[in-house]
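Spelled out from the first residue to the last, the chains are:
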Amino acid sequence: MNDERENILGRIREALRLPAPVPGAHERQSAHPVSEREAAVHIPEWLPSVGVTFEERIALFQKNAAELKAQFVLLDGAEQLASQLREIAAAEGWKKVATHANELAECAANSLGLPVVRTDSGYDVHELESCDAGISTCEALVAQTGSVLVTSKSSGGRALSILPPHHVVIARREQLIADLPAAFALIKAKYGPENYPSLISFITGPSRTGDIERILVLGAHGPKKLTILCV
Amino acid sequence: MSTTPAAAEFKRDATTLTKDLRHRSLIRTALKKYEIARDSKKALFQDWQSARQTAAEIKWDAINHLDTHLADFARNLEARGTRVHWASNAEQAREIILTIVREKKASAIVKSKVMTGEEIHLNEALEKEGFEVVESDLGEFIVQLRKEPPYHFVFPAMHLTRGQISETFAKELGSAPTDSPEELTMIARRVLRGKYVTADIGISGANFGIAETGMISITENEGNARLTCALPKVHIALMGIEKILPKFEDLALFLPMLGTAGAGQTLTGYNSMYGGPRQPGETDGPEEFHVVLLDNKRTTLMADPEQRDALHCMRCGACLNVCPIYKNVGGHTYGTTYQGPIGSVITPHLRGLQQWKHLSFASSLCGGCTQACPVKIDLHHHLLQSRRNAIAQRPVWWEKIAFRALSYLFNHAGLFSLGMKLGRIGQIFHPLVKATRIDPAHAWTQSRELPKVAPETFREWWQHRK
Ligand code: SF4
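Residues numbered from 1 in each chain as written. Chains lettered and ligands numbered in written order. Predicted model: local features only at pLDDT ≥ 70, side-chain atom pairs only at ≥ 80, totals over all residues. Heavy atoms only, no water.

Overview of the overall build of chain B
At step 1: A tally of helices and strands in chain B yields 23 helices and 10 strands.
At step 2: Across its three principal directions, the C-alpha atoms of chain B cover 95 × 55 × 45 Å.
At step 3: Across chain B, contacts joining residues at least 24 apart in sequence account for 74% of those joining residues at least 6 apart.
At step 4: Summed over its atoms, the accessible surface of chain B is roughly 19500 Å², and 57% of this surface lies on carbon and sulfur atoms.
At step 5: In chain B, 58 positive and 50 negative side-chain charges are present, and the distance between their average locations comes to 8 Å. (Helix = DSSP H or I, 4+ residues; strand = E, 2+ residues; numbered from the N terminus. Contact = heavy atoms within 4.5 Å. Areas by Shrake-Rupley, 256 points an atom, 1.4 Å probe, with all protein chains shown as cover. Lys, Arg positive; Asp, Glu negative; His and termini not counted. Charge placed at Lys NZ, Arg CZ, Asp CG, Glu CD.)

Encoded structure:
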């Protein structure tokens, strides 16, 4: 198939010999040609505003999470975390949970006194599917959008955060970041250019659909519930 | 205008559907909800117009240097174990995918939404060879059960009521009838859960391809694509070559713009970037990851610099949602993979100008689409350019004569005022033949009133004034 590669690239080069009008020329008279990546510098100034202090941002995250129908709870320390988790487990009648190797997540999961499936060292899909909750950590919380940023490295692989019906995220306060540009910068600084996890995902609320008469239904395929516990 | 089969079909379906008031009110209600959500999310942006300009500039860079970006994209993907395939046309893309599927002796295939898959008729090809393919996006799943094409490339089942969906489920899945959207969703969830766990192959599309890091990005709400890319052993992503973005951080702009313009969400439920198969030290994910790059005449569109910006499209659907034509004739009438204004612009390039030029006339030229487009594609002017190109390529003799006659008439005052007088007499008798076959203005009066000639023209009034 490699000759098709040359054919396609050849056709592109041929097509590009005629220059195109500058972007947005039809909408503003002062449209300018694109210079060396100048365009992207201002992205944070166009996106929704986020506030400056930690309090403002946590409040924004909270508001976004509520709108998305995700639970967000701010806690004090590991002890509160464990008891909060026990409460949820009791209320929902959990019988089995899944988690991955991480001090916070494991500690909390173990305190439940339930069977625990761990996804790190190879697991059975049916086993994971039968868990009532997946408990994972994350890379960051994004105030601007109310999103949880996970990667296959931070959150026990690809399936843990999507297969069980309830995804519980455990985050630390310092993981709250302002906006999307900060999220991409963080991933780039941490993993780039060679060690990117094979999955990087922004989770914004529980799984949802509006495909039937544009009426919102939660839990289309992924988790019906998303709980974010922040210590 | 000479009529092609596609044009005749468009005309026939459009005539029936515009009279279907139930259909129109269904679409109007759905799109009203969209509009309210979109406006509230757009208002959160500090500067939506600058965001559009920036997005247009980034896409301009991507498309006008596509050869370099595409080569980078492939190289970076390959560096981490992904197999990249290049397909010049639909047939080659189908063959590449079929070869992988045959080699794996796949028994079940699960698909998340792939518009390019519709474009190359992938399901038909797989099913013809005896492979079972299940659409996992709820809307796609519904239209697949009904053996219909998607009605809208973002909201595939927008034209159906819950009653119709319940009937379909009862007939095809044997479920009990219900009118709760929640229950209907859960029926689909149960059916599809089993499929993810057993499928050998997952096929997805890609909303963006990041050249700098060698990743594809998938935007979805349901989590079906996440599952499709997590559980099966092989993941195949089919992607049009124009989906490239140069830099990783460009997504910080494009993801919220796609969510906002597409469905009125600040960010869509799941935005996921995949940079390879399962990497060393990772616990799950597919063993093989294939990316199939599809040209299929995109380079033909690219060779027209005037309309090249149509390749900036991120398929958000915003232009469909504001289009008065789309709202009245509906998505199926277009007979194309991509409906609405963007479909009317690109289809003539992808499938032939003469067969599809009628779509350039499926427009009121209100410009609503151009204003709605988050990447500033000059949609309605492109429709005008296509009209011009079509006629330049194949002139219509009687149109030429008609326009010459008109210009002669307008250049001769005496003749013009005689025409006015005759028109005044003619319109007395016009009601006798109005909208019938012998009415000379038949095409117009079928659905509209003919404007009346004024009892006195301005020139007459000027001459007679005291
Ligand atoms: S043309 Fe613009 S508005 Fe229409 S789908 Fe593409 S990006 Fe969206």
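Here the narrative resumes, following the displayed structure.
What about helix 4 (residues 77-92) of chain A?
Residues and elements named next belong to chain A.
At step 1: With 16 residues, helix 4 should cover 22 Å at 1.5 Å per step; its first-to-last C-alpha distance of 23 Å lies within 8% of that length.
At step 2: Along helix 4, the positions that sit buried rather than exposed are L81, A82, Q84, L85, I88 and A89. Seen from one end, helix 4 has its buried residues packed into an arc of 165°, which puts them on one side. Pointing more than 90 degrees away from the buried face of helix 4 are the exposed residues E79, E87, A90 and A91.
At step 3: At its buried positions, helix 4 is contacted by strand 1 (71-74), helix 5 (103-110), strand 4 (133-137), strand 7 (166-171) and strand 12 (225-230).
At step 4: Just downstream of helix 4 lies G93, where phi reads positive at about 65°. (Expected span 1.5 Å × (residues − 1). Buried < 20%, exposed > 50% of the residue type's maximum accessible area, 1.4 Å probe, protein only. Arc of directions from axis to C-beta.)

Let's talk about the nonpolar core
At step 1: Formed by 106 residues in total, the largest nonpolar core has its most connected members in F202(A), I216(B), F248(B) and I342(B).
At step 2: Top contributing element to this core by residue count: helix 12 (residues 251-263) of chain B, with 8 residues.
At step 3: Core analysis: the next-biggest nonpolar cluster, separate from the first, contains 51 residues, C138(A), V143(B), L192(B) and L227(B) among them. (Core = buried A, V, L, I, M, F, W, Y, C linked by side-chain atoms within 4.5 Å.)

Digging into the interface of chain B and chain A
Interfaces are frequently sized by the accessible area removed from exposure as the parts join.
At step 1: Listed per partner, the contact involves 107 residues of chain B and 89 residues of chain A.
At step 2: Both faces considered, chain B and chain A share a buried interface measuring about 8400 Å² in area, 61% of it formed by carbon and sulfur atoms.
At step 3: In terms of surface lost to chain A, no three residues of chain B exceed W86(B), R189(B) and R226(B), which account for 9% of the buried area on that side.
At step 4: Remark: the boundary between chain B and chain A carries 7 salt bridges.
At step 5: With its nearest N and O atoms 2.9 Å apart, the salt bridge here joins R11(A) to D295(B).
At step 6: At the junction of chain B with chain A, the criterion picks out 53 residue pairs in polar contact (both at pLDDT 80 or more).
At step 7: Per element, the largest residue contribution to the side of chain B that touches chain A is 12 residues, and it comes from helix 3 (residues 48-64) of chain B.
At step 8: Residue composition of the side of chain B that touches chain A, grouped by class: 51 nonpolar, 30 polar and 26 charged.
At step 9: For strand 9 (residues 199-203) of chain A and strand 9 (residues 270-274) of chain B, the ladder comprises 5 bridges, and the chain directions are antiparallel. What sits directly across from I200(A), in strand 9 of chain B, is M273(B). (Buried area = accessible area lost by both parts, 1.4 Å probe. Salt bridge = Lys/Arg side-chain N within 4 Å of Asp/Glu carboxyl O. Polar contact = N/O pair within 3.5 Å; in protein donor to acceptor, adjacent residues only side chain to side chain. Nonpolar A, V, L, I, M, F, W, Y, C, P; charged D, E, K, R; others polar. Pairing = 2+ DSSP bridges.)

Considerations on the domain arrangement of chain B
At step 1: Domain annotation for chain B reports domain 1 (5-11 + 307-393), domain 2 (45-296) and domain 3 (414-465).
At step 2: Taking only C-alpha atoms, the centre of domain 1 of chain B and the centre of domain 3 of chain B are 34 Å apart. (Domains from an automatic or database assignment.)

Section: the sheet that holds strand 2 (residues 97-99) of chain A
Residues and elements named next belong to chain A.
At step 1: Reading across the sheet, the 6 strands line up as 1-12-7-4-2-3 and stay open at both edges, with parallel pairing between neighbours. Among the strands making up the open sheet, the edge pair consists of strand 1 and strand 3 (116-118). Each adjacent strand pair in this sheet contributes to an overall mean axis angle of 20°, direction not counted.
At step 2: The sheet contacts of helix 3 (residues 54-67) involve strand 1 and strand 12, and relative to strand 1 the element is tilted by about 150°.
At step 3: Relative to the sheet, helix 4 contacts strand 1, strand 4, strand 7 and strand 12, its axis offset from that of strand 12 by approximately 160°. (Axes fitted to C-alpha atoms, helices over the stretch in contact; angles between N-to-C directions.)

Section: a nonpolar patch on the surface
Residue and element names in this part refer to chain B.
At step 1: Together, Y408, L415, L418, L422, I425, I428, F429 and L432 line one region of the surface with nonpolar side chains, adding up to about 880 Å² of accessible area.
At step 2: Here the element with the most residues in the nonpolar patch is helix 21 (residues 413-433); it accounts for 7 residues.
At step 3: For I428, a relative accessible area of 60% gives the class exposed. (Patch = residues over 30% accessible without salt bridge, like charges linked within 9 Å, V, L, I, M, F, W, Y side chains within 5 Å.)

Focus on the domain arrangement of chain A
At step 1: Under the domain assignment used here, chain A contains domain 1 (19-48) and domain 2 (51-230).
At step 2: One C-alpha centre belongs to domain 1 of chain A, the other to domain 2 of chain A, and the line joining them spans 36 Å.

What to know about the confidence of the model for chain B
At step 1: On average, residues of chain B score 93 in pLDDT, and 100% of them are at 70 or above.
At step 2: With a pTM of 0.93, the predicted complex shows an ipTM of 0.94. (pLDDT = per-residue confidence, 0-100.)

Looking at unusual backbone geometry
Residue and element names in this part refer to chain A.
At step 1: Omega for the bond connecting G192 with P193 falls within 30 degrees of zero, at -10°, which places this linkage in the cis form.
At step 2: With respect to the secondary-structure elements, P193 resides in the loop between helix 7 (180-191) and strand 9.
At step 3: The backbone phi angle of R214 is positive, close to 55°, even though this residue is not glycine.
At step 4: Its place among the elements puts R214 in the loop between strand 10 (208-209) and strand 11 (217-218).

Remarks on the packing of aromatic side chains
Residue and element names in this part refer to chain B.
At step 1: Enumeration over the complete set of coordinates arrives at 16 aromatic pairs over all chains.
At step 2: Taking the centre distance of 6.4 Å and the plane angle of 65° together, the rings of Y34 and F155 count as edge-to-face. Here F155 lies in the loop between helix 8 (138-145) and helix 9 (162-173) and Y34 lies in helix 2 (residues 21-42), a separation of 121 residues in the sequence.
At step 3: Given the relative accessible area of 3%, Y34 is considered buried.
At step 4: Take F155: its relative accessible area is 4%, and that puts it in the buried class.
At step 5: Pairing F410 with F416 gives two aromatic rings, centres 5.8 Å apart and planes at 45°, and the pair type is tilted. (Phe/Tyr/Trp six-rings, centres within 6.5 Å; stacked < 30°, edge-to-face > 60°.)

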